[in-house]
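For reference, the chains in residue letters:
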Amino acid sequence: MRLWMVQSEDAKGAAHQLLPQILRQEYGVERPVFRTLPGGKPVLEGSALHFSISHSGSFALCGVGSTPLGVDVERIKPRRPNLPRYALSEEEFQWFLDRGSRWADFYTLWTLKESLVKYTGQGLNCAPRSIAVPLLEPGGCAWKDGRYFRAWGGEGWRAACCGEEPAERERLEQVRSEYGKESEE
């Protein structure tokens with residue numbers, strides 16, 4: 001599994017431009033055709049490749065691999081004070097409290113949860129606190145319930161992936177120029 005991240009004023013647009021560019025330039029898929037499975041998970045028709053995209057604030061993230069995967073990126077921003085109590089399991093909430101109740105730590109766990117529900121294709125169809133993820137710091141990787149999880153973080157953002165294979169690189173490929181821009185075609 002490989003992951004790419006780009007920062008853009010239009011992160012949603014960048015995410016949707018990034019995927020076809022990566023598929024073409026890295027995997028030779030010239031004209032990708034997408035469809036949606038029951039439950040809402042998008043898939044690439046006629047290919048063994050799997051993908052996942054996410055965007056938040058000015059950040060866009062794209063993952064591509066040979067097995068199912070899910071990715072999530074979130075801009076760190078304060079939210080309702082009771083959100084961590086609602087969204088985190090007892091163990092996760094205690095970890096969050098022990099680390100000083102920082103929003104960055106909440107978003108590390110949240111992106112892990114989102115990457116898992118994107119991996120399964122189920123979406124967030126249950127209480128977030130019932131979705132079990134490993135307690136990771138940015139840069140950490142763990143195997144849980146038959147899946148690999150990895151977390152990343154930087155100034156103002158957190159990201160995570162979940163899949164049947166580990167992320168290929170220790171760090172996200174942060175791309176700025178060749179990906180995430182309009183194609184010249």
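I will try to describe carefully the structure that is included in this document.

Parameters at a glance
Residues numbered from 1 in each chain as written. Predicted model: local features only at pLDDT ≥ 70, side-chain atom pairs only at ≥ 80, totals over all residues. Heavy atoms only, no water. Helix = DSSP H or I, 4+ residues; strand = E, 2+ residues; numbered from the N terminus. Rg over C-alpha atoms; globule rule 2.2 N^0.38 Å. Buried < 20%, exposed > 50% of the residue type's maximum accessible area, 1.4 Å probe, protein only. Contact = heavy atoms within 4.5 Å. Lys, Arg positive; Asp, Glu negative; His and termini not counted. Charge placed at Lys NZ, Arg CZ, Asp CG, Glu CD. 1 Å grid on protein atoms, 1.4 Å probe; cavity = no way out; pocket = protein on both sides within 12 Å on 5 of 7 lines; lining within 4 Å. Points joined across faces, edges and corners; volume = space filled by probe spheres on them. Nonpolar A, V, L, I, M, F, W, Y, C, P; charged D, E, K, R; others polar. Pairing = 2+ DSSP bridges. Axes fitted to C-alpha atoms, helices over the stretch in contact; angles between N-to-C directions. Phe/Tyr/Trp six-rings, centres within 6.5 Å; stacked < 30°, edge-to-face > 60°. Arc of directions from axis to C-beta.

**With respect to the overall build of the chain**
Okay, step 1: When helices and strands are counted, the chain shows 4 helices and 10 strands.
Okay, step 2: Listing each helix as α and each strand as β along the chain from the N terminus yields β-α-β-β-β-β-β-α-α-α-β-β-β-β.
Okay, step 3: The C-alpha atoms of the chain give 16 Å as radius of gyration, which agrees with the globular expectation for 185 residues (16 Å, within 12%).
Okay, step 4: Over its C-alpha atoms, taken along the principal directions, the chain stretches across nearly 50 × 30 × 25 Å.
Okay, step 5: Of all 185 residues assigned to the chain, the portion counted as buried reaches 49%.
Okay, step 6: Contacts spanning at least 24 positions in sequence make up 55% of the contacts within the chain whose residues lie at least 6 apart.
Okay, step 7: Across the chain, the mean location of the 24 positive side-chain charges is 4 Å away from that of the 25 negative side-chain charges.

**Some thoughts on the layout of surface pockets**
Okay, step 1: Roughly 450 Å³ of volume is contained in the largest pocket.
Okay, step 2: What lines the largest pocket is a set of 21 residues, among which Pro42, Phe51, Ser52, Ile53 and Lys118 lie closest to the centre.
Okay, step 3: If you list the elements that add at least two residues to the lining of the largest pocket, you get helix 1 (11–27), strand 4 (50–56), strand 6 (69–75) and helix 4 (103–120).
Okay, step 4: Of the residues contributing to the lining of the largest pocket, the split by class is 8 nonpolar, 9 polar and 4 charged.

**Looking at the sheet that holds strand 6**
Okay, step 1: Pairing is antiparallel in the open sheet, where 4 strands are placed in the order 6-9-8-7. A single partner strand is all that each edge strand has here, and the edge strands are strand 6 and strand 7 (141–144). Each strand axis lies, on average, 15° off the axis of its neighbour in the sheet, ignoring direction.
Okay, step 2: One ladder, built from 7 bridges, connects strand 6 with strand 9 (residues 157–163); its direction is antiparallel. Residue pairing across strands places Glu74 opposite Arg158, the latter belonging to strand 9.
Okay, step 3: Each of strand 6, strand 8 (147–154) and strand 9 is contacted by helix 4, which is oriented at about 150° to strand 6, the strand it contacts most.

**Examining the packing of aromatic side chains**
Okay, step 1: By the definition in use, this model includes 8 aromatic pairs.
Okay, step 2: Each ring, one from Phe59 and one from Trp157, has its centre 6.3 Å from the other, and the planes form 45°; the classification is tilted. Pair noted here: Phe59 is in strand 5 (residues 59–65) and Trp157 is in strand 9, with a separation of 98 residues, a long-range link.
Okay, step 3: For Phe59, a relative accessible area of 7% puts it in the buried group.
Okay, step 4: Residue classification places Trp157 among the buried positions, given a relative accessible area of 8%.
Okay, step 5: Members of the aromatic cluster, each reached through a chain of ring pairs, are Trp103, Phe106, Tyr107 and Trp110.

**Concerning helix 3 (residues 90–98)**
Okay, step 1: Buried residues of helix 3: Glu92, Phe93, Trp95 and Phe96, and no others. Here the buried residues of helix 3 occupy an arc of 160° about the axis, which is enough to place them on one side. Within helix 3, the exposed residues directed more than 90 degrees away from the buried face are Glu90, Glu91 and Asp98.
Okay, step 2: Packed against the buried residues of helix 3 are helix 2 (83–87) and helix 4.
Okay, step 3: With its phi angle positive at about 100°, Gly100 sits one or two positions after the end of helix 3.

**What to know about the pairing of strand 7**
Remark: a regular strand shows side chains that alternate across the two faces of the sheet.
Okay, step 1: Relative to strand 8, strand 7 runs antiparallel, the two sharing 4 bridges. For Ala142, the partnering residue across the bridge sits in strand 8 and is Phe149.
Okay, step 2: As consecutive antiparallel partners, strand 7 and strand 8 are separated by 2 residues, and within that stretch Asp145 has a phi angle of approximately 55°, a positive value.

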